[in-house]
Amino acid sequence: IAKKKGYKLNEYGLFEEERLIKCGDEADVYRKLDLDYVPPELREDNGEVEAASSGQLPRLIELNDMRGAFHIHTDYSDGVDSLEKIVETAKRMGLSYIGISDHSKTAAYAGGLKTDKILRQWEIIDQLNRNAPTFRIFKGIESDILSDGSLDYDEDILRGFDFVIGSVHSQFNLPKEEQERRIVNAMKNPYMTMLGHPTGRLLLSRDGYDVDMRTIIDAAAETRTIIELNASPYRFDIDWRCMKYAKEKGVMVSINPDAHSAAGLGEIAYGVDMARKGWQEPADILN
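Rules and cut-offs
Residues numbered from 1 in each chain as written. Predicted model: local features only at pLDDT ≥ 70, side-chain atom pairs only at ≥ 80, totals over all residues. Heavy atoms only, no water. Helix = DSSP H or I, 4+ residues; strand = E, 2+ residues; numbered from the N terminus. Buried < 20%, exposed > 50% of the residue type's maximum accessible area, 1.4 Å probe, protein only. Contact = heavy atoms within 4.5 Å. Phe/Tyr/Trp six-rings, centres within 6.5 Å; stacked < 30°, edge-to-face > 60°. Pairing = 2+ DSSP bridges.

A. Just the environment of Leu 202, in detail. Counting through the fold element by element, Leu 202 comes out in the loop between strand E8 (194-195) and helix H7 (213-223). Under the relative-accessibility criterion, Leu 202 is labelled partly exposed at 24%. As a C-alpha pair, Leu 202 and Tyr 234 span 32 residues in sequence and 5.4 Å in three-dimensional space. Setting aside its immediate chain neighbours within four residues, Leu 202 contacts Tyr 234 and Arg 235.

So, in structure tokens, the structure goes:
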């Protein structure tokens with residue numbers, strides 16, 4: 001671009017013939033080339049230069065845009081902190097709401113909740129909401145997606161939740177078409193709100209299960225399912241490379257900490273960083 005405009009651009013600066021053109025910062029260099037400033041997170045040769053030349057760069061989400069957090073585990077399942085401690089931490093962070101989602105009954109290894117524990121937790125949440133009317137706790141669950149794509153509770157329990165995160169926690173090695181069908185079937189369930197860690201990957205430890213994320217995103221667009229950006233640095237799942245496609249398809253993303261402690265709420269910040277790489281604006285993010 002510099003060359004076409006009659007400039008020379010290299011590590012020493014921007015030049016017109018041998019004359020150095022003064023630039024105070026990076027944004028100045030872009031301005032001289034008639035480009036909007038491209039934030040570093042977007043510099044991946046993924047259409048950002050073209051967007052910068054036509055005034056179509058996104059206004060990327062920032063941490064202070066975040067209003068709440070979903071996908072939080074308490075000591076009711078495999079979290080280490082009480083609901084009350086998590087609420088106090090969220091308030092100190094300036095959040096307006098949280099969504100509690102302990103593990104469902106099939107995840108017995110993680111203290112998955114049977115019906116009686118769910119009802120007890122709902123009573124506590126109702127009481128806390130009555131005591132703090134300016135802060136909202138949403139009743140949720142991280143429901144296992146079973147092998148046939150069904151969720152982990154009967155309809156009479158599912159309808160009582162404010163939101164349901166559906167996640168795959170077993171049978172990671174199903175053939176691709178079967179795994180995709182399983183997830184898509186779950187997204188067709190009217191009680192499923194969002195898809196948790198959509199590939200199940202653990203960075204440097206476990207590959208994701210074999211699914212085509214475009215197929216999953218297309219199904220999310222059809223079923224109006226929100227896709228989680230799991231902000232745990234062990235996951236970063238959905239991958240930032242898929243988020244621009246999700247944005248184009250109108251699929252909303254939720255930046256979730258997958259917190260297993262009060263301190264884990266802070267991992268939202270990592271999710272914001274990843275969302276920025278994925279071209280996400282505040283209007284693209286549920287929370």
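Additional details are given in the paragraphs that follow.
B. Focus on the packing of aromatic side chains. For the structure shown, the criterion picks out 8 aromatic pairs. Judged by centre distance (5.6 Å) and plane angle (80°), the ring pair of Tyr 30 and Tyr 37 falls under edge-to-face. With a relative accessible area of 18%, Tyr 30 lands in the buried category. Their ring planes at 35° and their centres at 5.6 Å tell us that Phe 172 and Tyr 209 sit as a pair that is tilted. Here Phe 172, found in the loop between strand E7 (163-167) and helix H6 (176-187), pairs with Tyr 209, found in the loop between E8 and H7; they are 37 residues apart in sequence, far enough to count as distant. The buried category is assigned to Tyr 209, whose relative accessible area is 6%. Ring pairs connect the aromatic residues Phe 70, Tyr 97, Phe 138 and Phe 163, which therefore count as one cluster.

C. The sheet that holds strand E5 (residues 97-103), seen in detail. Strand order in the open sheet formed by 7 strands is E4-E5-E6-E7-E8-E9-E10, with parallel pairing between adjacent strands. In the strand order of this sheet, the two ends are held by strand E4 (68-72) and strand E10 (253-256), each with one partner. In the sheet, E4 pairs with E5 via 3 bridges, with the strands oriented parallel. From the neighbouring strand, Ile 72 faces E5, where its bridge partner is Ile 100.

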